[in-house]
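Now for the letters of each chain:
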Amino acid sequence: MRNRLSGKKQLLVGLTLFSMFFGAGNLIFPPFLGVQAGSHTWIAMAGFALSAIGFPVLGVVAVARSGGLDALAGRVHPVFAFVFTLLIYLSIGPCLAIPRTASTSFEMAVAPFVPQTVLGGAGGLGTAQLLYSAVFFLIALLLALKPDKLSDRLGKILTPCLLTLILLIFVGCVLHPIGGYGSASGAYERNPMVKGFLEGYLTMDTIAALNFGIIIALNIQAMGVTEEKAVVSATVKAGIITGIVLMAVYSALAHIGAMTGETFGVMENGAQTLNRVVQYQFGNAGAVILAAIFFIACLNTCVGLLSCCSRYFCTIVPRVGYRTWVFLFAGASLVISNAGLNRILEISVPVLNMIYPVAIVLIVLAFLHPLIRRFRLVYPVCALFTGGISIGSEIPALAGLMAGLPFYDLGLQWIVPAAVGGILGVFLSSVWKRRGSGEHFPE
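Residues numbered from 1 in each chain as written. Predicted model: local features only at pLDDT ≥ 70, side-chain atom pairs only at ≥ 80, totals over all residues. Heavy atoms only, no water.

- As recorded in an unreviewed UniProt entry, the protein chain goes by Branched-chain amino acid transport system carrier protein and comes from Hungatella hathewayi WAL-18680.
- Within the UniProt record for the protein chain, the comment given under Subcellular location (unreviewed entry) is "Cell membrane".
- What UniProt states about the protein chain under its Sequence similarities (unreviewed entry) heading is, verbatim, "Belongs to the branched chain amino acid transporter family." (UniProt positions renumbered as here; feature names shortened; annotations may be inferred.)

Structure (structure tokens):
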């Protein structure tokens, strides 16, 4: 029995966690940030790093130290813990994120190589995408069937391949520069750090961080570490390693994007930016390199999401085994990725916008727990205020009221109510204690 991982295995677990985070959106956002921010790229990257790296890593640490997402959310209320956790798993699982891995990788890795005569024919695109999605989810399903082996499959094989391909593009841009940084445009010119923060906020990795810890803990235990404190410590270290690798990759991608601004100008999205870069650097071979990057990134994320969602649903419906849940989620995602994904996005994105601020607040409170654990009402009041504002912001009839809140124009209108909720929670807890109810505030 070992109570700690060797350096090599710790790195392997860190790379596994990185691979679960790093999907198609993580590829697209940084280069698009660079091309839009131009000379303000590194100021914008500071904000992006805070929300796309800082909060996800803190989320992994917070959940590990709290004893799981259920335990952390349970500090608000058991019913809240169940509903909040269920919404998170459904949102980043079969209702949105898992289907999107297949549709995005098809668009970037396969569609460019399918003849237009096929895509343009009646039902051609649907047939081609259906066949691709079936193969994609079959591969992901087979990899996800053994969640304790993800470090061997993702960390040892797929992630090094992914990082090597990204490094190849970066080195090409360093040795053969495309051009200089262009001028900042839009919100990046006025407030680059806040705009960068909001772009990272949209990656939704903070929500994923609340879920990935259970799979990482399984992989650590499979390596022989069984002591609870040692598992938590190794999980925290994996989060730190992931943050370092994410920072290096995001910085490289942002630099690549920024170099295109002066030569190519601002394009519609990060995918177009990367396409122009690889065509400029590698010609036709560039499309193959980019296709491989998108396929591996999307597959890694899909496997991670299938694994953590299936493990969670095993806990709430134990009669249905892990493997059965993997098959169910893979099948459901196959259908959704090919039929009405746009409508699913219309429904799911507002749900994510409702729960994301609450996730951030729970992470912050988890780190403040040693100071506030005597004030039991801080968690429920904070969650009530934050959730109320987040939900209200997505209801058109309440939009006028929400518009009067501080930072509404930045999309951060929940920050002040969350702070007020924390202060009010401390006050109400103190009143409760003075009335002789202090014994009902567990630590």
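**Some remarks on the side chain of serine 19**
Now for step 1: Position of serine 19 among the secondary structure elements: in helix α1 (residues 7–21).
Now for step 2: A polar contact of 2.6 Å, which involves the side chain of serine 19, links it to the backbone oxygen of threonine 16.
Now for step 3: With near-sequence residues (within four places) excluded, serine 19 lies in contact with Leu154, Thr159, Asn300 and Thr301. (Helix = DSSP H or I, 4+ residues; strand = E, 2+ residues; numbered from the N terminus. Polar contact = N/O pair within 3.5 Å; in protein donor to acceptor, adjacent residues only side chain to side chain. Contact = heavy atoms within 4.5 Å.)

**Here's the deal with helix α18 (residues 378–393)**
One turn of the α-helix equals 3.6 residues, which is why residues spaced by three or four share an orientation.
Now for step 1: Taking 1.5 Å as the rise per residue, α18 with 16 residues should run 22 Å; its terminal C-alpha atoms sit 22 Å apart, in good agreement.
Now for step 2: Taken as a whole, α18 has its buried residues at Val378, Tyr379, Val381, Cys382, Ala383, Thr386, Gly387, Ile389, Ser390, Gly392 and Ser393. (Expected span 1.5 Å × (residues − 1). Buried < 20%, exposed > 50% of the residue type's maximum accessible area, 1.4 Å probe, protein only.)

**A word on the pattern of salt bridges**
Now for step 1: The tally for this structure, following the rule as stated, stands at one salt bridge.
Now for step 2: Close ionic contact of glutamate 199 with lysine 195 constitutes a salt bridge, the shortest N to O distance being 3.3 Å. Note that glutamate 199 and lysine 195 are positioned in helix α11 (residues 192–201) at a spacing of four residues, about one turn of the helix.
Now for step 3: According to the relative accessible area criterion, lysine 195 is partly exposed, its value standing at 25%. (Salt bridge = Lys/Arg side-chain N within 4 Å of Asp/Glu carboxyl O.)

**Observations regarding the domain arrangement of the protein chain**
Now for step 1: Looking at the protein chain, the domain boundaries give domain 1 (7–339) and domain 2 (356–435).
Now for step 2: Spacing between the C-alpha centres of domain 1 and domain 2 amounts to 28 Å.
Now for step 3: Tallying the contact residues gives 25 residues for domain 1 and 18 residues for domain 2.
Now for step 4: With both sides pooled, the region where domain 1 packs onto domain 2 buries about 1,900 Å², and carbon together with sulfur makes up 79% of that total.
Now for step 5: Considering only the side of domain 1, the residues that lose the most area to domain 2 are Arg75, Val76 and Tyr201, jointly responsible for 33% of the buried surface there.
Now for step 6: Where domain 1 touches domain 2, the interface holds zero salt bridges.
Now for step 7: For the pair domain 1 and domain 2, the interface holds three residue pairs in polar contact (both at pLDDT 80 or more).
Now for step 8: Those elements giving two or more residues to the side of domain 1 that touches domain 2 turn out to be α3 (41–66), α4 (69–74), α5 (78–92), α11 and α12 (205–222).
Now for step 9: Per-element tally for the side of domain 1 that touches domain 2: the top contributor is α3, with eight residues.
Now for step 10: For the side of domain 1 that touches domain 2, the per-class residue count stands at 16 nonpolar, six polar and three charged. (Domains from an automatic or database assignment. Buried area = accessible area lost by both parts, 1.4 Å probe. Nonpolar A, V, L, I, M, F, W, Y, C, P; charged D, E, K, R; others polar.)

**Remarks on a nonpolar patch on the surface**
Now for step 1: On the surface, Val79, Phe82, Val83, Leu87, Ile316 and Val317 cluster together to form a nonpolar patch covering roughly 450 Å² of accessible area.
Now for step 2: With respect to the helices and strands, valine 317 occurs in the loop between α15 (284–316) and α16 (322–338).
Now for step 3: A residue is classified by how much of its surface remains accessible, and valine 317, at 31% relative accessible area, is partly exposed. (Patch = residues over 30% accessible without salt bridge, like charges linked within 9 Å, V, L, I, M, F, W, Y side chains within 5 Å. Areas by Shrake-Rupley, 256 points an atom, 1.4 Å probe, with all protein chains shown as cover.)

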